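Examining the three-dimensional arrangement
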Amino acid sequence: AQRVTQPEKLLSVFKGAPVELKCNYSYSGSPELFWYVQYSRQRLQLLLRHISRESIKGFTADLNKGETSFHLKKPFAQEEDSAMYYCAPYGTYKYIFGTGTRLKVLA
Amino acid sequence: EAQVTQNPRYLITVTGKKLTVTCSQNMNHEYMSWYRQDPGLGLRQIYYSMNVEVTDKGDVPEGYKVSRKEKRNFPLILESPSPNQTSLYFCASSSGYNEQFFGPGTRLTVL
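Residues numbered from 1 in each chain as written. Chains lettered and ligands numbered in written order. Predicted model: local features only at pLDDT ≥ 70, side-chain atom pairs only at ≥ 80, totals over all residues. Heavy atoms only, no water.

**Considering the overall build of chain A**
As a reminder, the rule being used: Here a helix means four or more residues in a row that DSSP labels H or I, a strand means two or more in a row labelled E, and each is numbered from the N terminus. For the radius of gyration, the atom set is restricted to C-alpha positions; the globular benchmark scales as 2.2 Å times the number of residues to the power 0.38. Exposure classes here rest on a 1.4 Å probe applied to the protein chains alone. A residue is buried below 20% of its type maximum, exposed above 50%, and partly exposed in between.
Broken down by element type, chain A carries zero helices and 11 strands. Ordered by position from the N terminus, the helices and strands of chain A form the series β-β-β-β-β-β-β-β-β-β-β. For 107 residues, the compact-globule formula gives about 13 Å, and the C-alpha radius of gyration of chain A, at 13 Å, lands near that figure. By principal-axis analysis of the C-alpha atoms, chain A measures approximately 40 × 25 × 25 Å. Within chain A, the fraction of its 107 residues that count as buried is 48%.

See the structure below:
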């Protein structure tokens, strides 16, 4: 079955600390991998996608095909990073979203 | 401005009263989708459409209908809403394997 696991529902870190949001997926074929972010009272928006290999707002994500993981990382968290983050593999017209991780960056 | 719009943004209704939530995009995207967002469950796909007149079920289609008569519009229909359909609904569109653009959301309460 196709599934995305984001094990942490809530992750709290202090400003300036490193942050890693975990994502493990089970998806047939070779899906394209995305991270979406939802700031308070806003719509979801793309944070980054694997194929572009860009660093957005200081975030990067490494694809590990062997472990089928796509963890999101940032070396120094900022207060404005506080948001809900969703990992989402996509293939053959179907997006599967994880349950999300709420990141709180404390001052 | 490229965008996805949804209407209404907020809706309170009663059990059994048919309702439609509209979704429209101006980016000429082939792919459109509906999701519901519930606490602790994340986003779950209800229905999606690959193009005009082509739709398919997502993970939680029960109690919902959709249609895609025009490329830009993808309405979500609840023929007989029930309280367990109280949720936050998002419409999204995309082109190919590219990012999805999301609407602002519709908060639905079924009493």
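On we go from here.
**Thoughts on the state of the cysteines**
Operational definition: The definition used for a disulfide is geometric: two cysteine sulfur atoms within 2.5 Å.
The tally for this structure, following the rule as stated, stands at two disulfides over all chains. Each disulfide pairs two cysteine sulfurs, and for Cys23(A) the partner residue is Cys87(A), the sulfurs being separated by 2.0 Å. Taking the sign of the torsion about the S-S bond as the criterion, the disulfide between Cys23(A) and Cys87(A), at about -60°, is left-handed. Within this pair, whereas Cys23(A) is found in the loop between strand S3 (19-21) and strand S4 (24-26), its partner Cys87(A) is found in strand S9 (residues 83-91), the two being separated by 64 residues in sequence. For Cys87(A), a relative accessible area of 0% corresponds to the buried category. For Cys23(B), the disulfide goes to Cys91(B), at an S-S distance of 1.8 Å. Around the S-S axis, the bridge from Cys23(B) to Cys91(B) shows a dihedral of about -70° and counts as left-handed. On the criterion of sequence distance, the pair formed by Cys23(B) in strand S3 (residues 19-25) and Cys91(B) in strand S9 (residues 87-94) is long-range, its members being 68 residues apart. Comparing Cys23(B) with Cys91(B), the two get one shared label, buried.

**Regarding the interface of chain B and chain A**
Heads up, the rule is: In this description, contact between two residues means that some pair of their heavy atoms is separated by no more than 4.5 Å. A simple way to read buried area is as the amount of 1.4 Å-probe accessible surface that goes missing from two parts once joined, with both sides added. Basic side-chain nitrogens of Lys or Arg form a salt bridge, by our definition, when they fall within 4 Å of a carboxyl oxygen of Asp or Glu. Polar contact is the term for a pair of N or O atoms within 3.5 Å; when the atoms are in protein, one must be able to donate a hydrogen and the other to accept it, and sequence-neighboring residues count only if both atoms are side-chain atoms. Just so you know the grouping, Ala, Val, Leu, Ile, Met, Phe, Trp, Tyr, Cys and Pro go in nonpolar, Asp, Glu, Lys and Arg go in charged, and all remaining residues, Gly too, go in polar.
Every contact between the two is made by 23 residues of chain B and, on the other side, 20 residues of chain A. Buried area between chain B and chain A, both sides added, is near 1900 Å², and the carbon and sulfur share of it is 53%. Area buried by chain B at its contact with chain A is led by Leu43(B), Tyr97(B) and Phe102(B), which between them contribute 31% of it. Joining chain B to chain A, the criterion identifies zero salt bridges. Put simply, chain B and chain A have seven residue pairs in polar contact (both at pLDDT 80 or more) between them. Elements with a contribution of two residues or more to the side of chain B that touches chain A: strand S4 (31-38) and strand S5 (42-51) of chain B. When residues in the side of chain B that touches chain A are grouped by element, the largest group, five residues, is from S5(B). Partitioning the side of chain B that touches chain A into residue classes produces 11 nonpolar, nine polar and three charged.

**What to know about the sheet that holds strand S7 (residues 65-66) of chain B**
Residues and elements named next belong to chain B. Rules: Two strands form a pair only when DSSP identifies at least two bridges running between them.
The antiparallel open sheet is built from four strands, whose spatial order is S1-S3-S8-S7. The sheet is open, and its two edges are formed by strand S1 (4-7) and S7, each paired on a single side. Here three bridges tie S3 to strand S8 (residues 76-78), and the two strands are oriented antiparallel to one another. Residue pairing across strands places Thr20 opposite Ile77, the latter belonging to S8.

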